[in-house]
Every structure is written in C-alpha cells, then in structure tokens.
Amino acid sequence: MSKYWSNFVTTLDPYTPGEQPPINNLTKLNTNENPYGPSPKVLQAIQHAADGDLRLYPPPNADQLKQTIAEYYQLNTGQVFVGNGSDEVLAHVFNGLFRQTQGILFPDISYSFYPVYCGLYAIQYSKVPLADDFSLDLSKYSRPNGGIIFPNPNAPTGRLLALDAIEKLLQSNSASVVVVDEAYIDFADSGSSAVALINKYDNLLVVQTMSKSRSLAGLRIGYAMGSAELIEGLERIKNSFNSYPLGHVQIAAGVAAFKDNTYFEQTRQLVINSREQLTQELESLGFEVLPSAANFVFVRHADYSAKDLAQSLREKNIIVRYFNKTRINEFLRITVGSEDQNQLLIDSLRSIIKS
Ligand SMILES: Cc1ncc(COP(=O)(O)O)c(C=O)c1O
C-alpha cells in the first residue's frame, strides 16, 4: 500500500505464476513447459536476428509472423493478432471485448488469470461450475452475458471439449464474443481446434500460444485468430498500449517455429505418447487421472493428500503444481516431462507412497 499508487491498485489481486526457482538439478513439472527445446531452426533464426538491426524498432504489426500464422491456419492476415505471450493477448481481449454492461462467464475451475483480468479492468463475471467429473457443459452458458471464455483443453483439468459442443454454443450465443483459449490444443487430436469455425462465426476468437507445443515460453509469443472485426478491436487496444509488443528476435523465431513443421509434429507426438504412458503408470500407483488432451495431467490419490505429496516431491527436487483452492485441493497438476523426468517422478512417487 502506498499513497503514490492510484486508488484501484490496492484492490488488485494479482496472478501468482508457478515458481521458477534458480535451482540446479530440479525436475520442473509445475508450469507446463515443453521438455524438448525449441526447434534447432528457431535457435538459428534467433542468432541470425540478433544483429545490428536491433537498434531499429521492430515492425509494429509483426507482419511476417502474422502472415506465417495466417498461411498455416488458412486465414487472412487480417484475421490474426499477435502479442507478448497469450497472457498479453488475453489482457487485450478482456479490456477490448469484455468490458460490457453484462458480466462475462467462465468455468469455476479454469485459468486463474481470468478473474485477475476482471479485477484489473473492472469486469463483472460469474463462474459456471464444471460437472462433478470436471467436464465443461456449455449448455449451462445459455443465459445473457457480456462474453464467454474457457480454455480448451481446460486448465488445470486437461479435459477436452468436442468441437460440436462449441459450435452449438456459437449457434445459440451470437450476441457476445466467445473466446476459446487453446493454449494446449496441439496436444489434443488434430482437428480439435475451433479455428475451423472462425469463418462461420464472427463472434468467435481463438487464442493460442507458442509457449507450450512450440517450446518458446521464454520468448513470449501469443496470438489470436478471429473475424477481421474482432481483430481490429484488439489492434486498437494494442496500439493504445504498446506499439511493439514483439521484438525482431521474437518475430524471427516465431516464423521459424511455424516453418519447421517436422520438428513440431515429432515433439508434439513425443509429449502425447509420454502423457499416455505417464497416465498408465500413475494409475498403477493408485492415482485417479482425469482424461487429458494437454501436456499435463490432473491427478488425485484416495489415500494421500495432494499437498503432502507435493511437499514430499519437492524434498526430492521435483516440483509439481498444487492449488489450495476449493474443489481442486485434492489434486496435483503434473506437467508431462521428458521420458527420464517422468520416470524419476514415478520412481519418487512410488517410494513416497511405500514409505
Ligand atoms: C489456459 C492458459 N492460457 C494462457 C496461458 C498463457 O500462456 P503464455 O502467456 O505463455 O502464452 C496459459 C499458461 O500457462 C494457460 O494455461
């Protein structure tokens, strides 16, 4: 608290990101980072871009990256928006599309940044409870609203919603913007993305990130895809906030990542295969594992408290995410790591459970 702050700053309840402790030998399975590094071609592009031209401002609209993303998803450049991580893109979405007379709707269990943005931009919201099995039932969203947002696959549950359920919602909800936050969609079956519906519904916005499936969390690149009308609204916000959210290096790396589809497909498949194996091994240790289409699993054990398990793992230098929140405080969210990391996790859990 400070007399120098604007009054509303004291009312903010900021987001707490997963830890990034500077400890060697840590098995970090707490923030859904990709265990495989970015494509070697991305690293080359970064080196190439790091030259004397850094004295120049980057192209404010990151045109080359937008064009690359548009081509990849068979959209027009005017249907793509880019920002400094999808968190920044989401902030602009809340600011530019969700400040309506009516409150917005999102699931009671979902990305915990959403209520934070609502606090920042004074947006009213209602949380719609997930079903008992933690699935998302979009029929519960058919009521007047100023916007709807949900992650798909959901976080932190990992559960995927089928595209036809999303289309049904779009058919019945045309008066407000529907945002599908697809941070983890590349770990689901191909064909699961709502990008396929963009040309049919002007009020659909799909937000994605290069942090997870493209292994560039450290570079901060996110993007949104939707009708030219929605994208123009976001551009107006962005150009009233920061004209250059992406630097030369980010743009070059982002373009290279989309061009190396072979590496993307290989690493994506490795993560998917490891998720399936990890699920089986956790189940054999007595964990209940929610069906996941993401690069993490959400698990609980009938006989062991999640909080204690997280603490015991921490003592073995393995960190996973524990949320001390109603409905999910029995669960751990565990990022799918490399094969070695997953094995270490399983061996450690086995020894904790047996001791
Ligand atoms: C559902 C969801 N959306 C968005 C993000 C933000 O990702 P980034 O800002 O790294 O693009 C995350 C990060 O964990 C997430 O889980």
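This is a predicted model, so every value here is computed, not measured.

A.B. asks: Would you mind going over the pattern of salt bridges with me for this structure?
C.D. replies: Where charged atoms of side chains with opposite charge meet at close range, the side chains can pair. Scanning the entire structure with this criterion turns up 12 salt bridges. A salt bridge links E19 to R314, with the nearest nitrogen and oxygen atoms 2.6 Å apart. Taken together, the residues E19 in the segment before β1 (27-29) and R314 in helix α9 (residues 306-315) connect sequence positions 295 residues apart. Since its relative accessible area comes to 40%, E19 is described here as partly exposed. Of the charged contacts, one joins R350 and D347 as a salt bridge, the two residues approaching to 3.5 Å between their closest N and O atoms. Note that R350 and D347 are positioned in helix α10 (residues 339-354) at a spacing of three residues, about one turn of the helix. Under the relative-accessibility criterion, D347 is labelled partly exposed at 36%. Several salt bridges converge on common partners, so that one network encompasses E288, R300 and E330.

A.B. asks: What should I look at first to understand the layout of surface pockets in this one?
C.D. replies: Where empty space is left in the structure can be found by rolling a water-sized probe over the atoms. Here the largest pocket defines a volume of roughly 1100 Å³. For the largest pocket, the lining is made up of 47 residues, of which Y15, T16, Y111, S112 and R321 are closest to its centre. Split by residue class, the lining of the largest pocket holds 21 nonpolar, 14 polar and 12 charged. Both domains that furnish three or more residues to the lining of the largest pocket are identified here as domain 1 (7-37 + 262-354) and domain 2 (40-259). Quantified by volume, the second largest pocket comes out at close to 360 Å³. Around the second largest pocket sit 18 residues that line it, and Y73, D186, S190, G191 and S193 are the ones nearest its centre. The greatest single-element share of the lining of the second largest pocket, amounting to three residues, is contributed by helix α8 (residues 261-284). Residue classes in the lining of the second largest pocket are distributed as seven nonpolar, six polar and five charged. Residue assignment places the lining of the second largest pocket across two domains, with domain 1 (7-37 + 262-354) and domain 2 (40-259) each supplying three or more.

A.B. asks: Explanation requested: the domain arrangement of the protein in the structure shown.
C.D. replies: Many structure descriptions define interface size as the accessible area lost when the parts assemble. Taken domain by domain, the protein comprises domain 1 (7-37 + 262-354) and domain 2 (40-259). Taking only C-alpha atoms, the centre of domain 1 and the centre of domain 2 are 24 Å apart. If you look at the interface, domain 1 gives 32 residues, while domain 2 gives 33 residues. Among the residues domain 1 hides against domain 2, the three largest losses belong to Y15, F264 and R327. Together they make up 28% of the total. The residue R327 makes a salt bridge to D108 at a minimum N-O spacing of 2.8 Å.

A.B. asks: Help me understand unusual backbone geometry in this model?
C.D. replies: Trans is the prevailing form of peptide bonds, just as negative phi is the prevailing case for residues other than glycine. Each neighbour pair has its own omega, and for N152 with P153 the value is -5 degrees, a cis peptide bond. One can find P153 in the loop between β5 (148-151) and α5 (163-172). Put simply, A155 and P156 share a cis peptide bond, and its omega is 5 degrees. The topology assignment puts P156 in the loop between β5 and α5. Within the chain, A122 stands out as a residue other than glycine whose phi angle is a positive 55 degrees.

A.B. asks: How should the site of the ligand be read in this particular structure?
C.D. replies: By nearness alone, 13 residues border the ligand, and S86, Y184, T209, S211 and R220 come closest of all. Between the ligand and the protein, one listed contact pairs an oxygen atom with a side-chain N or O atom of K212 at 3.0 Å. Here an oxygen atom of the ligand sits 2.7 Å away from a polar atom, N or O, in the side chain of R220. Look at the ligand: alone it shows 400 Å² of surface, and the protein chains cover 92% of it. The site holding the ligand turns out to be the largest pocket. Per-element tally for the shell around the ligand: the top contributor is helix α3 (residues 85-97), with four residues. Taken together, the residues that form the shell around the ligand break down as five nonpolar, four polar and four charged.

What counts, and at which threshold
Residues numbered from 1 in each chain as written. Predicted model: local features only at pLDDT ≥ 70, side-chain atom pairs only at ≥ 80, totals over all residues. Heavy atoms only, no water. Salt bridge = Lys/Arg side-chain N within 4 Å of Asp/Glu carboxyl O. Helix = DSSP H or I, 4+ residues; strand = E, 2+ residues; numbered from the N terminus. Buried < 20%, exposed > 50% of the residue type's maximum accessible area, 1.4 Å probe, protein only. 1 Å grid on protein atoms, 1.4 Å probe; cavity = no way out; pocket = protein on both sides within 12 Å on 5 of 7 lines; lining within 4 Å. Points joined across faces, edges and corners; volume = space filled by probe spheres on them. Nonpolar A, V, L, I, M, F, W, Y, C, P; charged D, E, K, R; others polar. Domains from an automatic or database assignment. Contact = heavy atoms within 4.5 Å. Buried area = accessible area lost by both parts, 1.4 Å probe. Near = heavy atom within 4 Å. Polar contact = N/O pair within 3.5 Å; in protein donor to acceptor, adjacent residues only side chain to side chain. Areas by Shrake-Rupley, 256 points an atom, 1.4 Å probe, with all protein chains shown as cover. Sits in = over half its atoms within 2 Å of the grid points.

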